[in-house]
Amino acid sequence: MDMSLDGFARLLRDWRQKRRWSQLDLALTSGVSQRHISFLESARANPSRAMILQLSEALDVPLRERNLWLTAAGFAPLYRTRTLDDPQMAQVMGAVRMMLTAHEPYPALALDRAWNVLIANRPFEALTALLGADVWERVGDGERNLMRLFFHPQGIRSLVTNWAAVGPLLWQRATREAHELGGADMQAVLDELAPFQEPEILWSAMDSALLPVVPFKLALGEQRIALFAVIATFGTAQDVTTDELRIETLFPADAESEALFRQLSLPPLESEYLPQ
């Protein structure tokens, strides 16, 4: 990427267009004159650090991408990317583990923006064990990625009984997130998996508005499981890692699935799942 002022101008213009805003829309939301925005996008004016933060906040640009804006304009990145075991992440990870544990006996997991599984609770581990001990090896050489689990040729598509409804919705959600969040890592996963997909997965606009949510339904031998997901994020994140964390909690979509998880034999509780 061109890390020049012209590179910043392209980033600003691309993100404004990504949001489907006119320069006037951005001016009204950010409090910056339309004329100045035009000058910034044409590289006729140089942005200050404060101006970059003001415009990126107005456009709801993810923190990782805001660092790119700053670098492109010649400033140092502002937002850190911490590892999950960084001491300054202790409170955040304690909250994540508490949420995952409190959701038992139902599955829950923490994902990054490419849908890689970072932490999962015991019911999720028990559920994936039912899919086969080698399921993650089959879909990604052991990498725990939900997109690969669903869309890899060796994944669980054949077990999802309502694939025609669920597959397109999941693909569209991932595609939308890759676009709206600037997710090059998610886009790489989509590009990898796209050649294996049927056109109705890639381009379907199926009307699925008959239900409040569309559960995904698994057939595991004689056992039928129906689940739907609720997603939570951190609303005041000021760290790239935290900004990209997604907590996905799965709920039973019928009485039979609820009974199954309440009766499921769970592995012993490990310290990984407990608040630190």
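Just above, that's the structure.
Residues numbered from 1 in each chain as written. Predicted model: local features only at pLDDT ≥ 70, side-chain atom pairs only at ≥ 80, totals over all residues. Heavy atoms only, no water.

**Q** Could you give an account of the overall build of the protein, naming the residues involved and the relevant values?
**A** Within the protein one finds 14 helices and five strands. Its C-alpha atoms put the protein at 65 × 45 × 35 Å along the principal axes. For the protein, with 276 residues in total, the buried portion stands at 47%. Here the contacts in the protein between residues at least 6 apart in sequence split such that 60% fall between residues at least 24 apart. Here the protein displays about 13,900 Å² of accessible surface, and carbon together with sulfur accounts for 54% of that area. (Helix = DSSP H or I, 4+ residues; strand = E, 2+ residues; numbered from the N terminus. Buried < 20%, exposed > 50% of the residue type's maximum accessible area, 1.4 Å probe, protein only. Contact = heavy atoms within 4.5 Å. Areas by Shrake-Rupley, 256 points an atom, 1.4 Å probe, with all protein chains shown as cover.)

**Q** Tell me about the nonpolar core, and name the residues and values.
**A** Counting 38 residues, the largest nonpolar core has Trp136, Leu146, Met147, Phe150, Phe151 and Ile225 as its most contacted members. Looking at this core element by element, the count peaks at six residues for helix 10 (residues 163–180). In contact with phenylalanine 151, other than residues within four places in its own chain, are Trp163, Gly167, Leu170, Trp171, Leu193, Phe196, Gln197 and Ile201. (Core = buried A, V, L, I, M, F, W, Y, C linked by side-chain atoms within 4.5 Å.)

**Q** Tell me about the packing of aromatic side chains, and name the residues and values.
**A** In total, this model carries six aromatic pairs according to the counting rule given. Taken together, a centroid distance of 5.7 Å and an interplanar angle of 85° make the contact between phenylalanine 8 and tryptophan 69 edge-to-face. With a gap of 61 residues between them, phenylalanine 8 in helix 1 (residues 5–18) and tryptophan 69 in helix 5 (residues 63–72) connect regions that are remote in the sequence. A single burial state applies to phenylalanine 8 and to tryptophan 69, both of which are buried. (Phe/Tyr/Trp six-rings, centres within 6.5 Å; stacked < 30°, edge-to-face > 60°.)

**Q** Any chance you could break down the pairing of strand 3 (residues 216–220) for me, citing the residues and the numbers?
**A** Within strand 3, four of the five residues are buried, which leaves it mostly tucked inside the rest of the structure. Looking at chain direction, strand 3 and strand 4 (residues 223–232) are connected through five bridges and run antiparallel. Along strand 4, the bridge assignment pairs lysine 217 with alanine 226. What sits between strand 3 and strand 4 in their antiparallel hairpin is a turn of two residues, with glycine 221 showing a positive phi close to 65°. (Pairing = 2+ DSSP bridges.)

**Q** I'd love a proper account of unusual backbone geometry, names of residues and values included.
**A** Cis geometry is found at the peptide bond from glutamate 104 to proline 105, where omega equals 20°. Within the element layout of this structure, proline 105 appears in the loop between helix 6 (90–102) and strand 1 (108–111). Positive phi, close to 60°, is recorded for arginine 20, a residue that is not glycine. Locating arginine 20 in the fold gives a position in the loop between helix 1 and helix 2 (23–30). Exposure remark for arginine 20: the relative accessible area of 78% places this residue in the exposed category. The backbone of aspartate 60 sits at a positive phi, close to 55°, despite the residue not being glycine.

**Q** An account of the packing of helix 2 against helix 3 (residues 34–41) is requested, with residue identities and associated values reported.
**A** Between helix 2 and helix 3, the least distance of the axes is 9 Å, while the angle of their chain directions is 120°. By the angle between their axes, helix 2 is oblique relative to helix 3. The handedness of the crossing between helix 2 and helix 3 comes out as right-handed. The residues of helix 3 that touch helix 2, namely those facing Gln23, Leu24, Leu26, Ala27 and Ser30, are Gln34, Ile37, Ser38 and Glu41. For the contact of helix 2 with helix 3, the residue count by class is four nonpolar, four polar and one charged. (Axes fitted to C-alpha atoms, helices over the stretch in contact; angles between N-to-C directions. Parallel < 35°, antiparallel > 145°, perpendicular 65-115°, else oblique. Left-handed = near helix turned anticlockwise from the far one by under 90°. Nonpolar A, V, L, I, M, F, W, Y, C, P; charged D, E, K, R; others polar.)

**Q** Just give me the short version of the sheet that holds strand 1, but keep the residues and values in it.
**A** Read from one edge to the other, the open sheet built from five strands follows the order 2-1-5-4-3, with strand pairing classed as antiparallel. On the outer flanks of this sheet lie strand 2 (117–120) and strand 3, each paired with one strand and no other. When the angles between neighbouring strand axes are averaged without regard to direction, this sheet yields 30°. Here helix 6 sits on the sheet and contacts strand 1, strand 2, strand 4 and strand 5 (246–252); the angle it forms with strand 2, its principal contact strand, is near 60°. Here helix 14 (residues 255–263) sits on the sheet and contacts strand 4 and strand 5; the angle it forms with strand 4, its principal contact strand, is near 85°.

**Q** So what's going on with helix 5? Residues and values would help.
**A** In terms of burial, helix 5 is a largely internal element, seven of the ten residues being buried. The complete set of buried residues in helix 5 reads Leu63, Glu65, Arg66, Asn67, Trp69, Leu70 and Ala72. Glycine 74 lies just past helix 5 and shows a positive phi near 95°.

**Q** So what's going on with helix 7 (residues 122–130)? Which residues, and what values?
**A** For helix 7, the set of buried residues is Arg122, Pro123, Phe124, Ala126, Leu127 and Thr128. One side-chain oxygen at the N-terminal end of helix 7 lies 3.1 Å from the backbone nitrogen of phenylalanine 124; it belongs to asparagine 121. Trailing helix 7 by a residue or two, glycine 132 shows a phi angle of about 120°, which is positive. (Polar contact = N/O pair within 3.5 Å; in protein donor to acceptor, adjacent residues only side chain to side chain.)

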